[in-house]
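One letter stands for each residue in the lines below.
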Amino acid sequence: MLQETCVLTQDYDAVGVLNDMFTTANGRIGGDGQSLCSTTHPIRGGGTVSNQLATALSPANTSMATMLVLIDKLPNPSGFITGGVKAMKVVGPSNYRFRMKEIWKSEQKDDTTNNAINSLMGEISNSSYVAVPFMSSLTNWSMHTNVKRGAMMVWRRQPRFRKNSDDTNETKIATGSARWTTGFSDFRTYIGSNI
């Protein structure tokens, strides 16, 4: 049970990165002084870049396409568009998991009567939705990209557990400890919609 509790604690701490992706209020601040998803990430030479939809949109074909185009044009911290950033998966609360299936898995465009093809099919290699039941927001969602060293869990000491017996009291004592930290390094790891 101690090991299960340790894993659950890690999950809650890691999802804190997603819960706080639009705010700096809880201390999750990037090296540029901004939250993970912000409209004002500074770039070298002046100016800012956004990794957040300008207008928050609910999941739909249009919002997915808008976010994919934003990812294609996302500049690096130096301000150059490299074209190497690609969407890997869509992440959000469990509330959207069936809606996401309708959007990504339909042969035809979702919510239309003209039988247009679903141009989103095949745009993300792993188009299955990652539902995160621990997310505090029931509406925020994002796309996770292939940017390295983005959201991270850094281990200071891996979990370790011990059991001791005390014959005098006829008891067993279980102890465990671990040390880690969570955060993010490169804001381009997530592109979000803050609804």
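Computed from a prediction, not measured in an experiment: that's the story for all the values here.

**Student:** Talk me through the packing of helix 2 (residues 61–72) against helix 3 (residues 97–105); I want residue IDs and the actual numbers.
**Tutor:** In the contact formed by helix 2 and helix 3, the axes pass within 10 Å of each other and the chain directions differ by 70°. By the angle class used here, helix 2 and helix 3 are roughly perpendicular. Between helix 2 and helix 3, the residues in contact are Asn61, Met64 and Leu68 and Met100, Ile103 and Trp104, respectively.

**Student:** Would you mind going over the environment of Ala25 in detail, with residue names and values included?
**Tutor:** Its place among the elements puts Ala25 in the loop between helix 1 (2–19) and strand 1 (41–42). A residue is classified by how much of its surface remains accessible, and Ala25, at 65% relative accessible area, is exposed.

**Student:** Report on the sheet that holds strand 5 (residues 141–145), specifying residues and quantitative values.
**Tutor:** On the basis of which strands lie adjacent, the open sheet formed by four strands has the order 4-3-5-8 and mixed pairing. On the outer flanks of this sheet lie strand 4 (129–131) and strand 8 (190–193), each paired with one strand and no other. The average angle at which neighbouring strand axes cross in this sheet is 25°, direction not considered. Taken together, the four bridges between strand 5 and strand 8 define a ladder with antiparallel strand orientation. Paired with Ser142 across the two strands is Gly192, which belongs to strand 8. Across the sheet, helix 2 is in contact with strand 3 (87–92), strand 5 and strand 8; its angle to strand 5 comes to roughly 35°. Lying on the sheet, helix 3 is in contact with strand 3, strand 4 and strand 5; it crosses strand 4 at an angle near 175°.

**Student:** Break down the side chain of Asp186 for me, citing the residues and quoting the values.
**Tutor:** Along the chain, Asp186 turns up in the loop between strand 7 (171–184) and strand 8. Residue Asp186 is classed as buried on the basis of its relative accessible area of 12%. Sequence-distant contacts of Asp186, that is, excluding residues within four places in its chain, are made with Leu36, Val147, Lys148, Arg149 and Gly150.

What counts, and where the lines are drawn
Residues numbered from 1 in each chain as written. Predicted model: local features only at pLDDT ≥ 70, side-chain atom pairs only at ≥ 80, totals over all residues. Heavy atoms only, no water. Axes fitted to C-alpha atoms, helices over the stretch in contact; angles between N-to-C directions. Helix = DSSP H or I, 4+ residues; strand = E, 2+ residues; numbered from the N terminus. Parallel < 35°, antiparallel > 145°, perpendicular 65-115°, else oblique. Contact = heavy atoms within 4.5 Å. Buried < 20%, exposed > 50% of the residue type's maximum accessible area, 1.4 Å probe, protein only. Pairing = 2+ DSSP bridges.

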